[in-house]
Amino acid sequence: MEAKVIIVTEVKSNKSENNVWMVAITGEEQGQAYCKSPYKAMRFAFLLKKQTGFHIEDASLKALSAEIAKEKVASEAEKPAEQEAQTEAKPKKQRKPRAKKAEAESQALAQVAEQKGLIAFL
């Protein structure tokens, strides 16, 4: 009898042109699941390993690791370009120092009190 193993393969999706990752246990059809990203497929494979105690095929782990590394490099290449665009678009706002702000408020209160004929207690 052959030992059951968790396999992960990249398959073509019926709903779109994108590829998805199928996580399955050899010899069982109920254990199949489809994941959109290789990272989630790896997480699901390790979850199955914990639940069932079966081993994950080495070739599947290597393929998943390589695909995750490709996606990570691609996403890191996009981040600096996005950050540069964001920093150039928004200039920083200038703040008033607290001392000047408090002084301006006290002067405004004094003017209002003088206009109404009231005495301001400071």
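Structure first, text after, so check above.
The model shown is predicted, which means the values in this text are computed figures rather than measured ones.

**Q** What's the story with helix α1 (residues 38-52) in this structure? I'm lost.
**A** Helix length check: α1, at 15 residues, gives a terminal C-alpha distance of 21 Å against a target of 21 Å (1.5 Å per residue), a fit within 8%. Turning to α1, its buried residues are P38, A41, M42, A45 and L48. Across the axial projection of α1, the buried residues extend over an arc of 120 degrees, all falling on one side. Every exposed residue of α1 that faces more than 90 degrees away from the buried side is listed here: K40, R43, K50 and Q51. Of the residues flanking the end of α1, it is G53, one or two places downstream, whose phi is positive at about 85 degrees.

**Q** Would you mind showing me how to read the pairing of strand β2 (residues 19-25) here?
**A** Remark: a regular strand shows side chains that alternate across the two faces of the sheet. Most of β2 sits out of view: six of its seven residues are buried. With seven bridges joining them, strand β1 (residues 5-12) and β2 adopt antiparallel strand pairing. By the bridge assignment, K12 is partnered in β2 with N19. Here β1 folds back onto β2, and the loop between the two strands holds six residues. Pairing analysis gives three bridges linking β2 to strand β3 (residues 33-35), with the strands arranged antiparallel. Bridge assignment links M22 to a residue of β3, and that residue is Y34.

**Q** Looking at this model, I keep getting lost on the sheet that holds strand β4 (residues 55-56). Mind explaining?
**A** Overall, mixed pairing links the four strands, which are arranged β3-β2-β1-β4 in an open sheet. Two strands bound the open sheet, and with one partner strand each, they are β3 and β4. Along the sheet, α1 makes contact with β1, β2, β3 and β4, crossing β2 at roughly 5 degrees.

What counts, and at which threshold
Residues numbered from 1 in each chain as written. Predicted model: local features only at pLDDT ≥ 70, side-chain atom pairs only at ≥ 80, totals over all residues. Heavy atoms only, no water. Helix = DSSP H or I, 4+ residues; strand = E, 2+ residues; numbered from the N terminus. Expected span 1.5 Å × (residues − 1). Buried < 20%, exposed > 50% of the residue type's maximum accessible area, 1.4 Å probe, protein only. Arc of directions from axis to C-beta. Pairing = 2+ DSSP bridges. Contact = heavy atoms within 4.5 Å. Axes fitted to C-alpha atoms, helices over the stretch in contact; angles between N-to-C directions.

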